[in-house]
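A closer look at the structure
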Amino acid sequence: MLAADVAGAPTPVSTEVDTLGAVWRVMAERMTASWTSVPHFYLTRDVAASGLVELRARITPAVERRSGLKPTYTDLLVKLIAMALRDHPRLNASWAGSGIRRHGDINIGIATAIDEGLIVPVIHNADGLSISEIASKRGELVARASESKLRPADISGGTFTISNLGMYNVDAFSAIVNPPQ
């Protein structure tokens, strides 16, 4: 960017480049790789979620007794998506460059905002977990993410990622695929 001095000749404008931490660098590299190497397509559908609201209200007391945690909508979505992927295994797949790789395990990533950027901790074998177990694992992963204490196993092996921006009054968005999903 240039500015003009009194004589009209351009003078350089000082700019700063922030050095990013490892999480931001990896996030930017993965997003770039995703846009350039993974086929993207978007489907949007509005759904009535009153059944989800009723389910959460009905099971919350039992989940709180078992785990000490109040289940979130994210917990319910992890379970419901895991069950749907089990029932429709062709959706639990990723692009492998020359074909589609179907995954045997159902490992749900949860896009999680932290001060350093966005990270995706993974709930492994989510289809075999109860909502209490999912709530507990999600709580542990999010806490470790916010403390920058995630282990490599906590962020690897995801086969399907969910992202929830509802708390920010976002009605819809087009997420970038988290490779290789």
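Up top is the structure.
The following paragraphs examine the structure supplied in this document. The shown structure was predicted, so the numbers you read here are calculated from the model rather than taken from an experiment.

1. Details of a nonpolar patch on the surface
Taken together, the side chains of Met-167, Tyr-168, Val-170 and Phe-173 define a hydrophobic patch exposed on the protein surface, amounting to about 420 Å² of accessible area. Locating Phe-173 in the fold gives a position in the segment after β9 (160–162). Residue classification places Phe-173 among the partly exposed residues on the basis of a relative accessible area of 39%.

2. Here's the deal with the packing of aromatic side chains
Under the definition given, this model contains zero aromatic pairs. Lying across the ring of Tyr-73, Arg-56 places its NZ or CZ 4.5 Å from the centre.

3. Observations concerning the sheet that holds strand β5 (residues 108–110)
The three strands are arranged β8-β5-β9 in an open sheet whose pairing can be described as mixed. The strands lining the two open edges of the sheet, one partner per strand, are β8 (122–123) and β9. Relative to β9, β5 is paired through three bridges, and the arrangement is parallel. Paired with Ile-110 across the strands is Ile-162, a residue of β9.

4. A look at the nonpolar core
By size, the foremost hydrophobic cluster in this structure holds 17 residues, and its most contacted members are Val-78, Ile-108, Ile-123, Ala-126 and Ile-162. Taken together, the elements giving at least two residues each to this core come down to α3 (73–87), β5 and α4 (131–146). Residue contributions to this core peak at four residues, all from α3. Once residues lying within four places of it in the same chain are set aside, the contact partners of Ile-108 are Val-78, Ile-81, Ala-82, Leu-85, Pro-121, Val-122, Ile-123, Ala-126, Phe-160 and Ile-162. Counting five residues, the second largest nonpolar core, distinct from the first, contains Leu-52, Ile-59, Val-63 and Ile-131.

5. Quick word on the layout of surface pockets
Where empty space is left can be seen by rolling a probe of water-molecule size over the atoms. Here the second largest pocket is characterised by a volume of approximately 380 Å³. As for the second largest pocket, its lining consists of 16 residues, and the residues nearest its centre are Ala-111, Thr-112, Ala-113, Asn-164 and Met-167. Contributing elements (two or more residues each) for the lining of the second largest pocket: α3, β6 (112–114) and α4. Residues that form the lining of the second largest pocket fall into these classes: ten nonpolar, five polar and one charged.

6. So, the packing of α3 against α4
Two elements in contact, α3 and α4, have axes whose closest approach is 9 Å; the angle formed by their N-to-C orientations is 120°. Judged on the interaxial angle alone, α4 and α3 are oblique. Our pair here, α3 against α4, has a crossing hand that is right-handed. Contact residues: α3 offers Thr-74, Asp-75, Leu-76, Val-78 and Lys-79, while α4 offers Ile-131, Ile-134, Ala-135 and Arg-138. Taken together, the residues of the contact of α3 with α4 sort by class into five nonpolar, one polar and three charged.

7. Focus on the pattern of salt bridges
Scanning all chains against the criterion turns up three salt bridges. In this structure, Arg-144 and Asp-154 form a salt bridge, with 2.7 Å as the shortest nitrogen-oxygen distance. In this pair, Arg-144 is assigned in helix α4 and Asp-154 in the loop between α4 and β9, connecting sequence segments ten residues apart. Just as Arg-144 is buried, Asp-154 falls in that class too. With its nearest N and O atoms 3.4 Å apart, the salt bridge here joins Asp-154 to Arg-151. Salt bridges linked by common partners bring Arg-144, Arg-151 and Asp-154 together as one network.

Rules of the game
Residues numbered from 1 in each chain as written. Predicted model: local features only at pLDDT ≥ 70, side-chain atom pairs only at ≥ 80, totals over all residues. Heavy atoms only, no water. Patch = residues over 30% accessible without salt bridge, like charges linked within 9 Å, V, L, I, M, F, W, Y side chains within 5 Å. Areas by Shrake-Rupley, 256 points an atom, 1.4 Å probe, with all protein chains shown as cover. Salt bridge = Lys/Arg side-chain N within 4 Å of Asp/Glu carboxyl O. Helix = DSSP H or I, 4+ residues; strand = E, 2+ residues; numbered from the N terminus. Buried < 20%, exposed > 50% of the residue type's maximum accessible area, 1.4 Å probe, protein only. Phe/Tyr/Trp six-rings, centres within 6.5 Å; stacked < 30°, edge-to-face > 60°. Lys NZ or Arg CZ within 6 Å of the ring centre and 35° of its normal. Pairing = 2+ DSSP bridges. Core = buried A, V, L, I, M, F, W, Y, C linked by side-chain atoms within 4.5 Å. Contact = heavy atoms within 4.5 Å. 1 Å grid on protein atoms, 1.4 Å probe; cavity = no way out; pocket = protein on both sides within 12 Å on 5 of 7 lines; lining within 4 Å. Points joined across faces, edges and corners; volume = space filled by probe spheres on them. Nonpolar A, V, L, I, M, F, W, Y, C, P; charged D, E, K, R; others polar. Axes fitted to C-alpha atoms, helices over the stretch in contact; angles between N-to-C directions. Parallel < 35°, antiparallel > 145°, perpendicular 65-115°, else oblique. Left-handed = near helix turned anticlockwise from the far one by under 90°.

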